[in-house]
Each structure stands twice: as C-alpha cells, then as structure tokens.
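# Remarks on the overall topology
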Amino acid sequence: MAEKENNEELLNLFNLLTRFQEIELEDVEMEIGDFELWLQSRSVAHTALSKTVRATPSLRRKPTNILQADFMPPVEQYPGKVVEVTLGATKGEGGTRGKSITIGGEEAPAFYLFETPPPHPPVISLDVFDTKIPLAKPVKMHFADVMEDPVAWAKLAVDKYGADMITLHLISIDPLVKDTSPTEAAKTVENVLQAIDVPIVIGGCGDPKKDLEVFEKVAEVGAGERFLLSSVTQDMDLERACAVAKKYGHAVLSFTPMDLNQARQLNRQLYDFLPKTQIIMDTTTAALGYGLDYAFTIMERARLAALMGDPELQHPMSSGTTNAWAAREAWKKMDPEWGPREFRGPIWETVTALTLLLAGVDLFMMMHPAAVKTLKDTIQRLTVGQPVSPKNIADWVAAKI
Amino acid sequence: MVGTGAKKTNIREISPIDVYMLLPKTNCKECGEENCMAFATKLVNRELRLQSCPPLLKKENKKVYGQLWEMLKPPIKEVTIGAKDHSIKVGGKYVLYRHEFAYTNPTAIAIDVTDEMPEEEVLARIKRTEQFSYEYIGMTLKLNMIAIRSTSGDPYKFKSAVKKVAEHTRLPLILCSFDSKVLEAGLMVVQNAKPLIYAATKENWKDMAELALMYQCPLAVFAPNDVKLLRSLSKTLTEYGVNDLVLDPGTLPGEGIRDMINNFTMIRRAATKKGDELLGFPLIGTPVTAWLENAEAPKEVAEWNEAYLAAILIDRYADILILHSTEGWVLLPNVVLRQNIYTDPRKPVAVEPGLRILGTPNEKSPVMFTTNFALTYYTVASDIESAGVDSYLLVVDSEGIAVDCAVAGRKLTADKVAEAIRDDKMEEKVKHRKLIIPGKAARLSGEIEEASGWNVMVGPRDSSDIPKYLKEKWSQAD
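Here, residues in each chain are numbered from 1, in the same order as that chain's written sequence. Whichever chain is written first becomes A and whichever ligand is written first becomes 1, with later ones labelled in order. With pLDDT at 70 or above as the cut-off, local features in this predicted model cover only qualifying residues; side-chain atom pairs require 80 or more to be listed or tallied, and sums for whole chains, interfaces and linings still use all residues. Where side-chain values are given, they derive from all heavy atoms of the structure, hydrogens and water being excluded.

## With respect to the confidence of the model for chain A
Residue and element names in this part refer to chain A. A residue's pLDDT is the predictor's confidence in that residue, given on a scale from 0 to 100. Considering every residue of chain A, the mean pLDDT works out to 88; 88% of them sit at 70 or more. Contacts are residue-level and defined by heavy atoms, with any inter-residue pair within 4.5 Å sufficient. Counted against residues more than four places away or in other chains, residues 1-5, with its pLDDT under 50, gives 12 contacts. A low-confidence stretch, residues 24-57 (pLDDT under 50), is modelled with 58 contacts involving residues beyond four sequence positions or located in other chains.

## Here's the deal with the interface of chain B and chain A
With 104 residues of chain B in contact, the opposing surface of chain A contributes 93 residues. In total, chain B and chain A occlude about 8900 Å² of area from one another, counting both sides; carbon and sulfur atoms represent 64% of this. It is Glu-239, Arg-258 and Trp-304 of chain B in chain B that bury the most area against chain A; as a group they hold 10% of the surface buried on that side. A pairing counts as a salt bridge when a side-chain nitrogen of Lys or Arg comes within 4 Å of a carboxyl oxygen of Asp or Glu. The tally of links between chain B and chain A comes to seven salt bridges. Arg-328 of chain A is paired through a salt bridge with Glu-385 of chain B; the nearest N and O atoms lie 3.1 Å apart. What counts as buried area is the accessible surface, traced by a 1.4 Å probe, that two parts surrender upon association, with contributions from both included.

## A word on the domain arrangement of chain B
Domain limits in this description derive from either an automatic procedure or a database domain assignment. You can read the domains of chain B as domain 1 (16-72), domain 2 (78-341) and domain 3 (354-477). Distance between the C-alpha centres of domain 2 of chain B and domain 3 of chain B: 46 Å.

## Points about the packing of helix H12 (residues 341-357) of chain A against helix H10 (residues 299-315) of chain B
A fitted line through C-alpha atoms serves as each axis, taken over the contacting stretch for helices, and the angle formed by two N-to-C directions is quoted from 0 to 180°. What counts as a helix is a DSSP run of H or I of at least four residues, what counts as a strand is a run of E of at least two, and both are numbered from the N terminus. Packing of H12 of chain A against H10 of chain B brings their axes to within 10 Å, and their N-to-C directions diverge by 30°. By the criterion of interaxial angle, the relationship of H12 of chain A to H10 of chain B is roughly parallel. For the crossing formed where H12 of chain A meets H10 of chain B, the hand is right-handed. Counting all contacts with H12 of chain A, which are made through Phe-343, Pro-346, Ile-347, Thr-350, Val-351, Leu-354 and Thr-355 of chain A, the residues of H10 of chain B involved are Glu-300, Trp-304, Ala-307, Tyr-308, Ala-311, Ile-312 and Asp-315 of chain B. Looking at side-chain class alone, the contact of H12 of chain A with H10 of chain B contains 10 nonpolar, two polar and two charged residues. When describing relative orientation, an angle under 35 degrees is termed roughly parallel and one over 145 degrees roughly antiparallel, while 65 to 115 degrees is termed roughly perpendicular and anything else oblique. Each crossing gets its hand from how the near helix is turned against the far one by less than a right angle, where anticlockwise is left-handed and clockwise is right-handed. Residues are grouped as follows: Ala, Val, Leu, Ile, Met, Phe, Trp, Tyr, Cys and Pro are nonpolar; Asp, Glu, Lys and Arg are charged; every other residue, Gly included, is polar.

## Details of H10 of chain B
Residues and elements named next belong to chain B. The terminal C-alpha atoms of H10, which comprises 17 residues, lie 25 Å apart, in line with the 24 Å expected from a rise of 1.5 Å per residue. Summarising burial for H10: 16 of the 17 residues are buried, a large majority. After H10 finishes, the residue Tyr-317 shows a positive phi value of roughly 80°. Here the expected span of a helix is defined as 1.5 Å times the quantity of residues minus one. Accessibility here uses a 1.4 Å probe with only protein chains present; expressed as a share of the type maximum, an area under 20% marks a residue as buried, one over 50% as exposed, and anything in between as partly exposed.

So this is what it looks like as structure tokens:
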C-alpha cells in the first residue's frame with residue numbers, strides 16, 4: 001500500500017483538535033461598545049491619510065528618533081446593506097425549534113472589522129443524507145454508524161459535531177436513485193424535526209420537477225418551521241415554488257451557476273412572489289484548485305455590489321462548501337509525500353471554507369467535523385474575540401520549535 | 001488633468017489616452033507595437049513596461065519618463081529580494097481586490113531553518129524546499145525562499161548557519177534576528193545575495209537601517225499588532241533612506257486571528273484605496289507562529305493551525321509567508337490556493353486542444369469530448385478518471401470558454417467537433433463510431449452526427465455524473 005494506515009486515533013483530526021484546542025471564549029453576544037473607538041474615528045480618516053508623501057531622503061538628515069505617524073482606519077461609507085433572513089422558528093414563533101438563527105445584515109465587506117462588524121456570525125449547517133451514499137473515506141470514518149439513519153445522523157451532527165443547523169439532503173427522491181415519494185420524504189423530515197431542535201435546510205435532488213413536488217409536501221408538514229428550501233433554480237416553476245414558501249412560512253435558496261447576472265435575474269424573478277427577507281442566495285461553490293478563484297471572486301463582487309447599493313444582490317450568501325471534496329487532492333490516496341488523506345481532505349474543505357468566509361458567505365453547508373470545528377472556532381474568534389497582546393509572538397524569531 | 005505627474009491611486013482611472021499624451025509619439029515601432037497608442041494600451045494593461053520604449057530612455061525624456069513612472073507605478077511597491085539571477089519580486093500590487101485588475105507577484109513562500117538545527121536537518125529542509133513541486137493545470141507549483149532564524153542569539157553560530165545555507169541553495173534568503181550584531185554576522189557571508197533583513201523594530205531600527213543601507217538589502221519592519229507604530233517606523237526608515245521595506249503587522253494565531261485579519265486588511269486598504277504610501281509596501285506573514293501556541297499538543301495540531309493561518313493570509317493580502325512545516329498536506333492546499341487567487345481573472349484559462357488518453361483505452365473504449373476551458377477540462381478529466389473507465393477525451397478548441405457559453409456563443413460548433421475527430425484520427429483508434437457529448441451541448445447532436453458521420457450519445461449535464469452514465473449507458477451501448 002502506498003499510504004500506511006496509521007493509527008486511527010492519530011488520524012482522527014476532530015478528536016485531536018477538540019482535545020488540544022479548546023476555545024475558552026464564552027458564547028456571548030457582541031457588545032457594540034467594543035467598537036466605539038473605531039466608529040468615532042471615522043470622520044477624520046480621509047483627511048489624515050490623503051496627505052502622505054513618500055520621503056525624499058537624499059535631501060534630509062537621517063532621523064535620530066522614531067518619527068511619529070498617525071494611523072486612522074481607512075473606513076468607507078456604503079449606501080447598501082444586506083437583508084437579514086431568519087431560519088428556524090421557536091414555539092413562540094410558530095415552529096418547534098430550540099432557537100432561530102438570523103444571518104445577513106452586513107454593512108461592510110466581510111470582516112472589515114475596523115468598519116462595521118457583521119451583526120450576526122456566519123453559521124454552519126452539517127450535511128445529512130436520507131440514504132446511504134458513497135462518501136470519501138476521511139469523512140466516512142466520522143459517520144460510519146449512522147449512514148443509513150438520517151435521524152441518528154442529524155443527532156450526531158448536532159450533539160457531537162456542534163452543527164448550528166443541519167441540511168437534510170433528500171437525495172433518495174431522485175427518479176434516478178430511489179424515486180422516494182413526496183409523502184415518504186415528508187415522513188423523514190418529520191422524524192428529523194422531532195429528533196433535533198436546530199433549524200433545518202431541506203435539500204432536494206436537483207431535479208426541478210421532483211424537487212418542487214417534494215418541497216410542497218415537506219413544506220406542509222413543516223409549516224411554520226422556517227426551513228430553507230434548497231434550492232430554487234431558473235428551470236423551476238418559480239411561482240409554484242414561492243407559493244409553497246409563502247404559504248407555509250419558509251425561506252428559499254436562490255441558486256445560480258457562477259454568474260452575477262443570472263443571480264440578479266433569478267432574484268428579480270423571485271421578488272414577484274416573495275419578500276426579500278425570505279431569500280438567501282448561492283452563486284455556486286467550486287473546490288480549492290477546481291475553480292475556487294471564480295467562486296471567491298463572484299461572491300466577493302456580489303457582496304461589494306450589494307454594499308454599493310445593488311438591490312438584487314443584497315442577500316445573505318450560502319455556500320455548498322462540501323463541494324471541496326470534489327477535488328481529487330481531498331479524497332484520493334496520493335504519494336506519501338502529500339500526507340494522509342485523513343488530513344488532506346479536511347484541510348481542503350477548511351481552506352475552501354475560510355476563503356469563502358473572507359468573501360462574505362453567511363451560511364456554510366459542510367461535511368467534515370474537523371473542518372467544521374476550525375471554521376466555527378475562527379468565526380467565534382472573529383466575532384466575539386477581544387483584542388490580543390502580541391506578547392506571545394514578539395520573539396518568534398528565536399523560538400525553539 | 002495629466003501631464004503634471006498627478007497621482008492616481010486607482011489603476012482603472014488611467015486611460016491609454018492619458019499615457020499616450022506623454023509618450024514621444026514617434027510611432028517608431030521600436031517597442032514592437034504598431035504605434036504609440038498600442039504601446040500605451042499595453043502599458044495600462046501592464047503587459048509591457050516603460051523600459052520597452054527606447055526613445056523614452058533618452059536623456060531629454062527623463063522628466064516625462066518620471067511622470068509616466070509615477071502614473072503607472074503600483075500603490076504597493078515592488079521589492080526585489082535576492083541576487084540578480086536568483087531573485088524574487090514581491091508586492092507590486094495594483095489593486096485591493098483581484099477582480100479589479102489582477103494580482104501580481106504571487107505570495108512568496110519561505111521555509112525556515114535555524115542556526116541551532118543539526119546540519120542534516122538544515123540540508124534536508126533546503127532539499128525539501130527546492131524539490132517541492134506539484135503539477136497543476138499545466139503549471140509547476142513551487143516553494144520560493146529559505147528563512148534562517150537565529151535561535152541561538154550567537155553571531156558566530158548565525159554566521160556559520162547562513163554560510164552553510166548559502167553553500168547549498170541559490171534560493172533567495174530571509175535573515176531573521178532582532179539583534180543587529182547577529183544579523184550583520186550573517187549578512188557578511190552573503191554580501192551580494194541581497195537577502196531580506198528581518199526585522200527592524202522600535203528598539204533596533206537605527207542599526208537595522210544602517211545594515212540595510214550598507215548591504216543594500218530590503219528591510220522588513222516588525223510592529224506586532226500596532227499599525228500606528230508600523231507606520232511610524234515606515235516613515236522613519238524611508239526618511240533614513242531605506243526605500244525597500246516589507247511590513248509585518250504580526251501573524252497572531254489563535255485568539256489573535258481577529259486582530260491579524262483586521263491589521264492586514266486595514267493596511268492594504270489604506271495603501272490601495274487611500275494612497276497611503278507609508279503602508280504601500282509588501283506585507284509579510286509568519287504562520288510559523290502557530291507553533292508557539294500549545295507546546296504540549298502533538299505536532300499535527302500546530303501543522304493544522306499553521307496550514308489554515310497561511311491560507312487566511314494568502315487570501316488577505318500577504319506577499320511573503322514564512323512557514324515551518326514541510327508536510328505535503330500543509331503546503332499543497334496553500335500553493336494551490338495561491339495559484340487560484342493569483343490567476344489573472346481577465347483571461348480565461350485554457351488548455352491545449354487535442355486528444356487526451358485517460359488510462360489505457362482500446363478500440364472499444366468510449367470517446368468523449370469537452371472544451372479547452374481549463375477548469376472544464378480538468379474537472380471532466382478528473383471525473384472520468386474517478387469512473388475508472390479507460391477513455392479517449394477530445395479537447396475541442398472553444399477559445400477557452402465553458403461548454404454552455406461556447407455553444408450559445410458559437411465558439412463550439414459541430415464542424416469543430418468533426419474536425420477534432422478527424423485530426424486526432426479517432427476512426428483508426430476505435431472500431432465503434434459513438435461519440436459521447438456533454439449534456440450542455442445536446443442541441444448540437446444532429447449537426448455533429450451530420451458533420452462527423454458518428455452516432456451521438458448525449459452525456460450528463462454535469463461531468464460528476466459521467467461515472468454513473470458510463471456504467472449505465474456505455475456497457476449497454478458496447
């Protein structure tokens with residue numbers, strides 16, 4: 001064998017990271033006061049920076065002391081704002097979830113924390129499949145026991161792996177797979193609803209006709225739960241799809257293939273039937289090495305356009321980050337030089353996720369527990385973290401590693 | 001108004017006309033272009049440099065050359081590290097976002113060694129750095145530099161370490177110590193190699209500035225989590241006469257990620273959008289600091305943290321990175337990410353048209369085609385390989401456009417497909433006459449059958465369904 005089967009435990013990244021990397025932050029809401037200083041300095045920022053001129057050293061005497069320079073965060077003003085979308089509903093709100101989750105509402109580019117920090121942290125939804133599917137080995141090792149039981153799978157995702165939400169992929173409804181009936185699919189949804197109390201994304205199979213039939217049934221049994229129906233596409237009967245979301249109080253995921261104009265167009269069509277606060281958009285995620293540059297730039301452009309006032313792109317963004325596993329570098333056995341796929345796979349998903357986090361994604365649909373943990377930790381550090389002292393790294397040069 | 005060297009920080013505001021007005025307008029063609037206007041257009045697109053215009057280099061044009069240089073220079077200074085034939089350029093960025101233009105000079109990745117490492121380890125790390133290579137869409141992804149850290153604080157040890165490294169590699173170097181005496185000991189043995197000096201701090205800046213001037217080396221400035229100090233040091237050092245700076249606002253692992261991202265982002269925004277020249281220098285990140293956290297954890301944890309810290313910094317504007325881990329799974333995602341982020345978004349990425357042999361196909365194997373858009377091609381090829389079916393894949397020239405757009409835009413036509421079948425002599429290679437076409441090219445079925453005389457089988461719309469399709473349809477067709 002090209003790749004030695006190392007000790008299972010050492011390859012279980014999730015356990016390693018959990019044991020040695022506890023986050024010690026409390027799960028507190030962000031205090032506006034933390035950012036007061038930044039906000040106050042806004043008005044003077046422009047003038048302070050525009051007067052800088054590079055020195056002409058030859059004419060001057062060498063300085064003997066540090067010449068003090070000012071620094072004002074380079075803030076800009078944005079006329080636009082991303083709408084807020086709430087997923088999941090508690091008893092008081094007409095559903096049965098433990099809590100609802102709101103995403104969106106950004107008034108500045110992703111994690112330009114010196115401007116306006118995001119009002120809501122991005123969230124992670126773990127994939128759950130309604131039937132056994134072939135999974136990459138590094139993923140399978142974490143879900144082996146639940147692969148044929150979506151209820152147990154969903155519980156594992158929430159209880160052990162800390163999913164904020166779950167995405168229930170009803171892939172068995174595909175006429176080319178099992179052609180499960182809408183009634184049967186709705187039954188699975190009901191069972192999962194009872195087993196966990198986080199908000200749920202309902203994933204279809206990609207067949208626009210069958211998905212719609214199933215959405216209609218599922219939306220009804222989950223009336224008031226504020227699902228995210230994933231997804232509505234240009235080849236779907238949009239009026240019917242939106243009617244379902246509207247009648248039973250769900251949100252829809254507007255999905256387009258990496259093209260801002262198509263994204264605008266689909267959103268515009270949806271506005272005829274649904275309020276903006278029920279629409280999240282997905283402009284397609286490609287894996288690291290397989291078009292991540294396109295995915296990243298489309299999302300970054302979409303978010304910047306939204307902030308600059310483009311009303312058709314002012315939606316929270318969702319990413320099918322699991323697509324990272326389409327990269328062969330993530331799942332294949334390779335020459336030992338490239339390390340075990342148990343590490344290569346999750347870092348591939350992590351890097352894909354972090355890159356899109358920095359483009360402005362609000363909702364990540366993910367797979368590997370270690371990638372989920374790292375993204376979750378990073379989001380927490382970015383949204384509730386306190387300024388740190390650089391003391392630990394001040395003498396990194398001399399560190400004996 | 002142009003002509004006065006008026007500063008324009010945004011590259012998109014400069015038009016070829018602005019540049020043309022200042023050119024000699026001789027239309028001499030010495031630059032290789034048809035006329036001065038064509039040259040101006042290429043200058044604005046950064047496809048040619050000012051030096052390509054011989055008349056501009058004449059003494060009487062010195063002033064106007066200066067004006068053009070000022071107009072066209074990037075807001076992030078381009079800094080060269082290393083001696084002539086083995087140097088690397090860092091920085092030189094024109095924009096904050098890659099879609100505004102394109103990023104220049106991909107993040108240089110350095111691997112560290114120390115002056116206390118056993119010699120075999122140092123040599124092994126140099127060898128690994130030099131030999132690291134990964135083939136990716138027709139390119140070879142590589143590592144770029146060696147960083148030598150003084151952990152001993154002893155000038156003699158550092159000197160001998162630098163000497164040893166310089167004897168074994170021509171890669172550009174970064175010499176790291178906050179003690180100017182130690183650093184100078186190292187510099188003395190690589191006088192002409194023009195390494196990056198790391199780093200000037202608020203304590204040692206004057207001595208480091210003297211070294212940078214004496215040895216004519218670029219100088220890094222380290223002011224962890226203090227952008228105001230970084231800016232002050234930049235001001236002081238440029239006044240001092242050191243022109244090539246590299247800025248380090250600190251790579252803060254763990255809880256520091258928040259401040260780290262904030263600092264890198266503020267600095268790059270200030271330089272590109274607000275014209276802040278004191279911050280208009282390349283940025284250096286040191287994900288190696290991930291190893292300082294949590295010393296009792298297994299090394300895999302530090303490697304994991306270092307890997308994703310590096311990725312964040314590639315996304316958020318770092319021009320140089322110093323890494324400690326040489327593990328393939330740590331480095332691979334980062335060199336691929338760097339390639340992705342630094343691809344020119346203005347140009348579709350294309351591969352050579354022609355026949356690709358996947359596995360060991362025979363006369364009964366399936367024949368498929370796709371376009372020469374690199375992303376499409378590599379995805380399709382990977383999907384076919386994952387099916388484990390030996391196949392022929394014809395790459396048809398669609399001018400680097402994806403299937404659906406190429407069909408709509410008539411860049412992919414039945415005639416081109418028939419031509420590919422003929423040119424690659426498919427009728428000699430297989431006995432059957434069945435061509436599997438992309439689902440998104442379905443509407444060309446009839447025309448392709450007519451033009452080629454082959455039977456068309458419409459394949460899936462997404463190449464990820466090829467394995468399933470081959471399993472179901474090809475065995476039946478066979």
